[in-house]
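Single-letter residue listing:
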Amino acid sequence: VQLQASGGGLVQAGGSLRLSCAASGSILTIDDMAWYRQAPGKQRELVAHITTGGTTNYADSVKGRFTISRDNAKKSAYLQMDSLKPDDTARYYCNALIRISITTRYTYWGQGTQVTVSS
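Just so we're clear, the structure is a prediction, and the values are computed from it rather than from any experiment.

The rules behind each value
Note on numbering: residues in each chain are counted from 1, in written sequence order. Only residues with pLDDT of at least 70 are given local features in this predicted model, and only at 80 or more are side-chain atom pairs given and counted; all residues enter the totals for whole chains, interfaces and linings. With hydrogens and water excluded, all non-hydrogen atoms of the structure serve as input to the side-chain values. Patch membership is restricted to residues that have no salt bridge and whose relative accessible area is over 30%. Joining uses 9 Å for like charges and 5 Å for the nonpolar side chains Val, Leu, Ile, Met, Phe, Trp and Tyr. Under the convention used here, a 1.4 Å probe and the Shrake-Rupley method define accessible areas, while residue burial counts only the protein chains that appear. When a carboxyl oxygen of Asp or Glu is within 4 Å of a side-chain nitrogen of Lys or Arg, the pair counts as a salt bridge. Secondary structure follows DSSP: runs of H or I at least 4 residues long count as helices, runs of E at least 2 residues long count as strands, and numbering of each begins at the N terminus. Note on exposure labels: buried denotes an accessible area under 20% of the residue type's maximum, exposed denotes more than 50%, and partly exposed covers the range between, all computed with a 1.4 Å probe on protein chains only. The disulfide definition used here is simple: a pair of cysteine sulfur atoms within 2.5 Å.

### Let's talk about a nonpolar patch on the surface
Together, Val1, Ile100 and Tyr106 give the surface a local cluster of nonpolar side chains, amounting to about 240 Å² of exposed area. Mapped onto the fold, Val1 is located in the segment before β1 (2-6). Taking the relative accessible area as the measure of exposure, Val1 reaches 35% and is therefore partly exposed.

If you want it as structure tokens, here you go:
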């Protein structure tokens, strides 16, 4: 099983980016999906989370600016980031709880995609 994240880049403050995360491999179902981020010298933090049914929650710092969504048929999750700020600069990681059999599920991480917001 692999998670492939894409969509990062360099953007000016106030701009937007859309991150994508696609899962592939021997997957039975995908349960929760999430985006985390890690800035240099800081701990990795949860940015947004979405359940199979579409219930979402966000870090306080991104509420009202970021939107997480998913397409179960495409085994994908997305993070729409609007009104970006320099403090959003970080490497963003996709995370998913994936069931590979009736009795077994694991948490997987993508390789990360860099988001840089210039002031």
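### Focus on the state of the cysteines
A complete count under the given rule lists one disulfide for this structure. Note that Cys21 is cross-linked by a disulfide to Cys94, the S-S spacing being 1.9 Å. Here Cys21 and Cys94 share a disulfide; its torsion about the S-S bond, -75 degrees, makes the bridge left-handed. You can see Cys21 sitting in strand β3 (residues 17-24) and its partner Cys94 sitting in strand β9 (residues 90-99), a full 73 residues away along the chain. For Cys21, a relative accessible area of 1% translates into the label buried. Relative accessible area serves as the criterion here: at 0%, Cys94 is assigned to the buried category.

### Section: the pattern of salt bridges
Between side chains of opposite charge, a pair can form as their charged atoms come close. Within the structure shown, the criterion is met by six salt bridges. Note that Asp31 is salt-bridged to Arg99, the shortest N-O span being 3.9 Å. In this pair, Asp31 is assigned in strand β4 (residues 29-38) and Arg99 in strand β9, connecting sequence segments 68 residues apart. On the basis of relative accessibility, which here comes to 14%, the residue Asp31 falls in the buried class. In this structure, Lys63 engages Asp60 in a salt bridge whose closest nitrogen and oxygen atoms are separated by 3.1 Å. Exposure class is identical for Lys63 and Asp60. Each is exposed. Three or more residues joined by partner-sharing salt bridges are found here, namely Arg37, Glu45, Arg65 and Asp88.

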